[in-house]
Amino acid sequence: MRWSERQRAMLGAMGIALWLPEHRVAPVAAAPDEPRSTKTAGVRAAPSDAPAAQAADIATLDWDALRARVASCRACRLCESRTQTVFGVGNPHAHCMIVGEAPGENEDLQGEPFVGAAGQLLDRMLPAIGLTRGAAEPARQVFIANTLKCRPPRNRNPDPSELARCSAYLVRQIELVQPKLLLAMGRFAVQVLLDSGEPIGRLRGRVHRWRDLPVVVTYHPAYLLRNPADKARAWADLCLAAAQLAR
Ligand code: URA
């Protein structure tokens, strides 16, 4: 693959030097889709003490009602410490939907996902494959959501019961957006979408499935900030996502 000036600029913005021979950073040949199995079929069931009726009800909501339901959610104790919920941002008809982890301090204050340092890296990564968070048509503007809609205190990891209680919102968002591709960033997105605890390094580089939707797994931008050596792998993941979107 030959890089255009624009692509080189974007790779530079991501902090990726073209130190590898170009054919080594090109997208991995679209791997055969994994067979569907119960392992990759979707979100874990809500815990037995979570009202199943509530999840069934969420599954009937339209976009505005879903947004309102998230804003008033008190299903777990994160509602006590949040400033506000973080529903998601972007095009509600996006072809590419990005699933991150949970709001951090900046997101909790601003009500928008990925607005801190990790978000700035994400904003530099997306144009490398022709995508953006800014206003654009559905083929170019992503929708960004998190597994949790509220900030865990002190940015601790989401706990399993929080993930289970919040998952119905993410499921409904995916059902309503109807993206062509899910881009799962980090281990909690993988846990919720693929019901897998495998490390990202073992899951990336091939296409998984959530229901019928292709899922590409990649590193979380916050991880990439701490481990810049893995940016080249993240770039290969983005190329795989772009190839999948172009199908
Ligand atoms: N990290 C995430 O996974 N999501 C955010 O919204 C911010 C940081």
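Source: prediction; values computed, not measured.

1. With respect to the pairing of strand 3 (residues 143–146)
Here's step 1: Alternating positions in strand 3 separate into two faces, Phe143 and Ala145 on one and Ile144 and Asn146 on the other, with burial throughout.
Here's step 2: Sheet analysis places strand 1 (residues 89–90) next to strand 3, joined by two bridges and oriented antiparallel. The partner of valine 89 across the bridge, within strand 3, is isoleucine 144.
Here's step 3: Here strand 2 (residues 96–100) pairs with strand 3 via four bridges, running parallel. Paired with methionine 97 across the two strands is phenylalanine 143, which belongs to strand 3.

2. Things to note about the site of the ligand
Here's step 1: In the region of the ligand, the neighbouring residues are Gly100, Glu101, Ala102, Glu107, Pro113, Phe114, Asn146 and His220.
Here's step 2: Alanine 102 has a polar backbone atom sitting 3.2 Å from a nitrogen atom of the ligand.
Here's step 3: At a separation of 2.9 Å, an oxygen atom of the ligand approaches a polar backbone atom of phenylalanine 114.
Here's step 4: Within the complex, the protein chains bury 91% of what would otherwise be the 240 Å² of accessible surface of the ligand.
Here's step 5: Each residue belonging to the shell around the ligand can be placed in one class, and the counts come to three nonpolar, three polar and two charged.

3. Description of the packing of helix 8 (residues 160–177) against helix 9 (residues 187–194)
Here's step 1: Contact geometry of helix 8 with helix 9 gives a least axis separation of 11 Å together with a crossing angle of 75°. Taken together, the axes of helix 8 and helix 9 are roughly perpendicular relative to one another. Across from Leu163, Ser167, Leu170 and Ile174 in helix 8, the residues of helix 9 making contact are Phe188, Gln191, Val192 and Leu193.
Here's step 2: Within the contact of helix 8 with helix 9, the residues separate by chemical class into six nonpolar, two polar and no charged.

Rules used throughout
Residues numbered from 1 in each chain as written. Predicted model: local features only at pLDDT ≥ 70, side-chain atom pairs only at ≥ 80, totals over all residues. Heavy atoms only, no water. Buried < 20%, exposed > 50% of the residue type's maximum accessible area, 1.4 Å probe, protein only. Helix = DSSP H or I, 4+ residues; strand = E, 2+ residues; numbered from the N terminus. Pairing = 2+ DSSP bridges. Near = heavy atom within 4 Å. Polar contact = N/O pair within 3.5 Å; in protein donor to acceptor, adjacent residues only side chain to side chain. Areas by Shrake-Rupley, 256 points an atom, 1.4 Å probe, with all protein chains shown as cover. Nonpolar A, V, L, I, M, F, W, Y, C, P; charged D, E, K, R; others polar. Axes fitted to C-alpha atoms, helices over the stretch in contact; angles between N-to-C directions. Parallel < 35°, antiparallel > 145°, perpendicular 65-115°, else oblique. Contact = heavy atoms within 4.5 Å.

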